[in-house]
Amino acid sequence: MLLADFIRNGIARLEPLYPSPEARGLVLMLCEERLGVRSYTHIIEPQTPVPADREADLLQDLERLCQGEPIQYVLGVTEFCGRRFAVGPGVLIPRPETELLVAEGVRTLQEMDLPRAPRVLDLCTGSGCIAWSIALDVRDAEVLGVDLSETALDYARSQFNAGAPVFLQANVLDTEQDFPYGPFDLIISNPPYVRESERAQMRRNVLQYEPEMALFVPDDDPLRFYRAVARWAQRVLRSDGVGIVEINEALGPETAALFRSAGLNNVQIHRDFFEKERFIRFTR
Ligand SMILES: C[S@@+](CC[C@H](N)C(=O)[O-])C[C@H]1O[C@@H](n2cnc3c(N)ncnc32)[C@H](O)[C@@H]1O
């Protein structure tokens with residue numbers, strides 16, 4: 001099988017699911033990752049074959065894409081904050097907008113310029129993308145990541161070797177449990193915040209493949225995780241500590257009001273590159 005034929009056929013098979021440029025991007029990404037070829041190899045060297053011993057796996061990958069499975073699960077990796085994170089079914093695929101939280105967290109810790117190791121708590125850590133990025137970007141940072149999902153924690157623990165954060169299984173909503181790990185200088189969190197009623201606006205492959213518990217909250221209590229984060233802040237955030245939480249863009253003012261009424265200070269909504277209200281920063 002020629003590489004060019006695989007690419008042409010792959011794009012045609014994905015076009016019923018994705019707009020053409022996206023279908024093309026997915027097939028090229030598959031070839032780059034699996035075969036190590038460049039995105040233009042099939043154009044400048046049209047006779048390039050797919051190695052015979054790779055053909056079956058490549059066709060199987062394409063089949064998974066044709067079922068609507070996210071490419072990150074098919075490849076088993078995604079990029080976040082310039083690093084490659086392992087992902088797969090059962091763990092949320094980190095989103096680019098969450099990189100804003102990491103940037104704010106890193107900036108905040110650098111500004112604190114503490115005379116000791118900064119201590120960070122990442123609630124609802126998932127793949128550990130936030131926890132690891134901070135641990136690797138802020139020298140000496142001691143990071144604790146918490147999640148309820150054993151699958152997510154398996155991924156989080158296996159990402160990298162050096163400078164590892166500690167990952168712990170706990171229910172973030174159980175705010176009164178024994179928790180002898182504080183105090184922290186920074187609490188950071190990207191909790192579930194999509195209302196059940198927002199399902200209709202979401203892409204089919206997200207609904208079909210990504211873990212429900214990572215995404216959804218009930219319509220009658222959409223801010224439950226923020227109430228919990230506020231309580232954790234009261235319990236384990238240092239008096240000069242900072243909180244940073246990703247938010248549902250449709251619930252910014254309500255979420256900010258929740259933190260204010262919980263007694264937290266300097267509550268500010270920050271927007272993303274699309275001018276959407278994306279995260280809230282507060283102090284103790
Ligand atoms: C939106 S995902 C965020 C994952 C990761 N921090 C990121 O930004 O990609 C929310 C995470 O919350 C976890 N979660 C859901 N309910 C939880 C609970 N009650 N206690 C702790 N973690 C929970 C899910 O397993 C999921 O990993």
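Rules and cut-offs
- Residues numbered from 1 in each chain as written.
- Predicted model: local features only at pLDDT ≥ 70, side-chain atom pairs only at ≥ 80, totals over all residues.
- Heavy atoms only, no water.
- Salt bridge = Lys/Arg side-chain N within 4 Å of Asp/Glu carboxyl O.
- Helix = DSSP H or I, 4+ residues; strand = E, 2+ residues; numbered from the N terminus.
- Buried < 20%, exposed > 50% of the residue type's maximum accessible area, 1.4 Å probe, protein only.
- Near = heavy atom within 4 Å.
- Polar contact = N/O pair within 3.5 Å; in protein donor to acceptor, adjacent residues only side chain to side chain.
- Areas by Shrake-Rupley, 256 points an atom, 1.4 Å probe, with all protein chains shown as cover.
- Nonpolar A, V, L, I, M, F, W, Y, C, P; charged D, E, K, R; others polar.
- Phe/Tyr/Trp six-rings, centres within 6.5 Å; stacked < 30°, edge-to-face > 60°.
- Lys NZ or Arg CZ within 6 Å of the ring centre and 35° of its normal.
- Pairing = 2+ DSSP bridges.
- Right-handed = clockwise from strand over helix to strand, strands pointing away.
- Axes fitted to C-alpha atoms, helices over the stretch in contact; angles between N-to-C directions.
- Contact = heavy atoms within 4.5 Å.

*Asks:* Would you mind going over the pattern of salt bridges in detail, with residue names and values included?
*Replies:* All chains considered together, the criterion is met by 25 salt bridges. With a closest N to O distance of 2.8 Å, Arg116 and Asp185 form a salt bridge. Highlighted residues: Arg116 in the loop between helix H6 (99-112) and strand E3 (119-123) and Asp185 in strand E6 (residues 184-189), separated in sequence by 69 residues. For Arg116, a relative accessible area of 34% puts it in the partly exposed group. Taking the relative accessible area as the measure of exposure, Asp185 reaches 1% and is therefore buried. A salt bridge links Arg231 to Glu176; the shortest N-O distance between them is 2.8 Å. On the criterion of sequence distance, the pair formed by Arg231 in helix H11 (residues 224-236) and Glu176 in the loop between strand E5 (166-169) and E6 is long-range, its members being 55 residues apart. Residue Arg231 is classed as partly exposed on the basis of its relative accessible area of 29%.

*Asks:* Could you give me a rundown of unusual backbone geometry, with the residues and numbers involved?
*Replies:* Across residues other than glycine, the phi torsion is negative in most instances, and most of the peptide bonds are trans. Of note, the bond from Gly182 into Pro183 is cis; its omega dihedral lies within 30 degrees of zero at -5°. If you trace the backbone, Pro183 turns up in the loop between E5 and E6. A positive phi is found at Cys81, a non-glycine position, where the angle reads about 50°. Taking relative accessible area as the criterion, Cys81 reaches 21% and is therefore assigned partly exposed.

*Asks:* Pulling in residues and values, what's your account of the environment of Pro16?
*Replies:* For Pro16, the position within the fold is in the loop between helix H1 (3-14) and helix H2 (20-35). A residue is classified by how much of its surface remains accessible, and Pro16, at 69% relative accessible area, is exposed. Measuring from C-alpha to C-alpha, the distance between Pro16 and Cys66 comes to 9.0 Å, with 50 residues separating the pair along the chain.

*Asks:* Please set out the site of the ligand residue by residue, giving values where relevant.
*Replies:* In the neighbourhood of the ligand, 21 residues make up the surrounding shell, with Cys124, Asp147, Asn171, Val172 and Asn190 lying closest. Leu148 is positioned with one of its backbone polar atoms (N or O) 3.2 Å from a nitrogen atom of the ligand. A distance of 2.9 Å is found between a nitrogen atom of the ligand and a backbone nitrogen or oxygen belonging to Val172. Relative to its free-state accessible area of 600 Å², the ligand is covered by the protein chains to the extent of 96%. If you list the elements that add at least two residues to the shell around the ligand, you get helix H7 (129-137) and helix H10 (212-215). A breakdown of the residues in the shell around the ligand according to their chemical character gives 14 nonpolar, six polar and one charged.

*Asks:* Summarise the packing of aromatic side chains; cite the residues concerned and give the values.
*Replies:* Inspection of the entire model under this criterion finds nine aromatic pairs. Both rings, one in Phe80 and one in Phe85, keep their centres 6.0 Å apart while their planes meet at 80°; by these two values the pair is edge-to-face. Three or more aromatic residues link up through ring pairs in this structure, and these residues are Phe80, Phe85, Trp132, Phe160 and Phe167. Looking at Arg119, its charged tip hangs above the ring of Phe184, at a distance of 4.8 Å from the centre. One cation-aromatic arrangement involves Arg199 over Phe216; the distance from NZ or CZ to the ring centre is 4.1 Å.

*Asks:* So, the pairing of strand E4 (residues 142-147): which residues are in play, and what are the values?
*Replies:* In terms of residue burial, E4 counts as a mostly covered element, since five of its six residues are buried. Both E3 and E4 contribute to a ladder of five bridges, which runs parallel. Opposite Asp122, over in E4, you have Gly145 as the bridge partner. Note that the unit made of E3, H7 and E4 has a crossover that is right-handed.

*Asks:* Tell me about the sheet that holds strand E10 (residues 265-271), residues and numbers included.
*Replies:* Sheet architecture is open: seven strands sit in the order E5-E4-E3-E6-E9-E11-E10, paired in mixed fashion. Looking at strand neighbours, the two that pair on one side only are E5 and E10, the edges of this open sheet. Averaged over neighbouring strand pairs, the angle between their axes works out to 15° when direction is ignored. Across the face of the sheet, helix H8 (residues 150-158) comes into contact with E4 and E5 while running at roughly 170° to E5. Each of E3, E6, strand E9 (237-246) and strand E11 (277-283) is contacted by H11, which is oriented at about 160° to E9, the strand it contacts most.

These values are about where atoms sit, not about what they do.
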